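Close look at the chain arrangement
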Amino acid sequence: MARPGLLAISMLIPATCPAGSISFLPDGKSVARCEKGILLVKDLADEFPASEIKLPPAMGVDTPTLARTAGRLLVGGSDLLMTWNPASTEWKELWRVPEEFESDIDDLACDPKTGDIVLVLRHRKSGELSWKLLPKGETVALKIFNRNAPGAKDPAFDTKGNLYFTSAGDVWTGDLEKSEDAAVPYILFGSRIWPLATKQTSDSNAYGLAAKGVLPFGNKLLVDLSRAGGSGWGNIVRVPNADAYKEGLPLKWEELQANNGYSPLAISPDGKTAATWNSRDQRWWVMEKPDGQFEPLSKEEK
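In short, a report on the structure. Keep in mind the model is a prediction, meaning the values are calculated, not measured.

Remark on secondary structure: sheet strands pair via backbone hydrogen bonds, oriented parallel or antiparallel. The strand order E21-E22-E23-E24 describes an open sheet built from four strands, whose pairing is antiparallel. Single-partner strands in this sheet number two, and they are strand E21 (265–267) and strand E24 (295–296). The pairing of strand E23 (residues 283–287) with E24 spans two bridges and is antiparallel. When the bridges of E24 are listed, Trp285 appears paired with Pro296.

So this is what it looks like as structure tokens:
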């Protein structure tokens, strides 16, 4: 039986999710992902299958990227950023990419301390990535100048508002600082902390490894380490949440769970639970502590 205001679950075909396409809901009890134009919301504590919520046609894509903000789920697809209210199931348009940008929303993250939203845009022709900041309560996204981390993507905040991201297959940490220059309102200051990429000569090397997602989880970092060429091999690994360069840490990681090329990661609002969706076995996996292991939910989601 469908829950009030939600559609009944149906058979779904496995599909690889794009970056940032899972998120905990603000209540910290449920997780969400998107597939084939449907928002799927799963309560981690019960045996019910995921509930289905149809994405608004204006969203423009079947698998938008997700993030969490205060009381809402952020959903970004094509050139539109919307919010979904789990309590009222109401959709609301938050921001639209200006036409002159000629870009689409590639990824997003929300700073839990300030409520500011970081948007990663991808140019439709060149594929070049650029960052914007949508301050809480504002309607205009401001430019973020990025000089030393080319192609920065996969932004993620921990519960304290610390920023992590990936660049050239490695894990970085950084800060967004307000500038006095009106033409460049914000500047991304970043430093590479984990040289996990082993791409050898180029990004096109299908056997080279690269970080394709990072999740700060207490004193650890969970990283989706996958083949740079997207050839179907990947593994979620764990490294200390520390600056490997400054502390002289060896280049190694703890392998946690194999995946089929990409497994998006999410952290609960209280920072105590991590989750991942594995499209290969159509199942959610959860980890209850930073030094724990991923455990599958009791039932597959088919």
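Let us keep going from here.
Moving on, we come to the packing of aromatic side chains. Within a pair of aromatic rings, the relevant descriptors are the distance that separates the centres and the angle that separates the planes. In this structure the tally under the stated criterion is four aromatic pairs. When the centroid spacing of 6.3 Å and the interplanar angle of 40° are considered together, the rings of Trp84 and Trp91 count as tilted. Of the aromatic side chains, those joined through ring pairs into one cluster are Trp131, Phe165 and Trp172. Geometry around Trp277 places Arg33 over its ring, the cationic atom sitting 3.7 Å from the centre.

Here Arg33 lies in strand E2 (residues 30–35). Using a relative accessible area of 0% as the deciding quantity, one classes Arg33 as buried. Here Glu35 takes part through its side chain, which lies 3.0 Å from a polar atom of the side chain of Arg33.

Here the focus is the sheet that holds strand E16 (residues 186–194). Ordered by their spatial adjacency, eight strands build an open sheet running E9-E10-E11-E12-E16-E15-E14-E13, and the pairing between neighbours is mixed. If you trace the sheet from one side to the other, it starts and ends with strand E9 (103–110) and strand E13 (153–157), each paired once. Adjacent strand axes in the sheet meet at a mean angle of 35° when their direction is disregarded. The pairing of strand E10 (residues 117–123) with strand E11 (residues 129–134) spans six bridges and is antiparallel. Residue pairing for E11: Leu119 is matched across the bridge by Lys132.

Here is what the cut-offs are and how they apply
- Residues numbered from 1 in each chain as written.
- Predicted model: local features only at pLDDT ≥ 70, side-chain atom pairs only at ≥ 80, totals over all residues.
- Heavy atoms only, no water.
- Pairing = 2+ DSSP bridges.
- Helix = DSSP H or I, 4+ residues; strand = E, 2+ residues; numbered from the N terminus.
- Phe/Tyr/Trp six-rings, centres within 6.5 Å; stacked < 30°, edge-to-face > 60°.
- Lys NZ or Arg CZ within 6 Å of the ring centre and 35° of its normal.
- Buried < 20%, exposed > 50% of the residue type's maximum accessible area, 1.4 Å probe, protein only.
- Polar contact = N/O pair within 3.5 Å; in protein donor to acceptor, adjacent residues only side chain to side chain.
- Axes fitted to C-alpha atoms, helices over the stretch in contact; angles between N-to-C directions.

On their own, these measurements won't tell you what the molecule is for.
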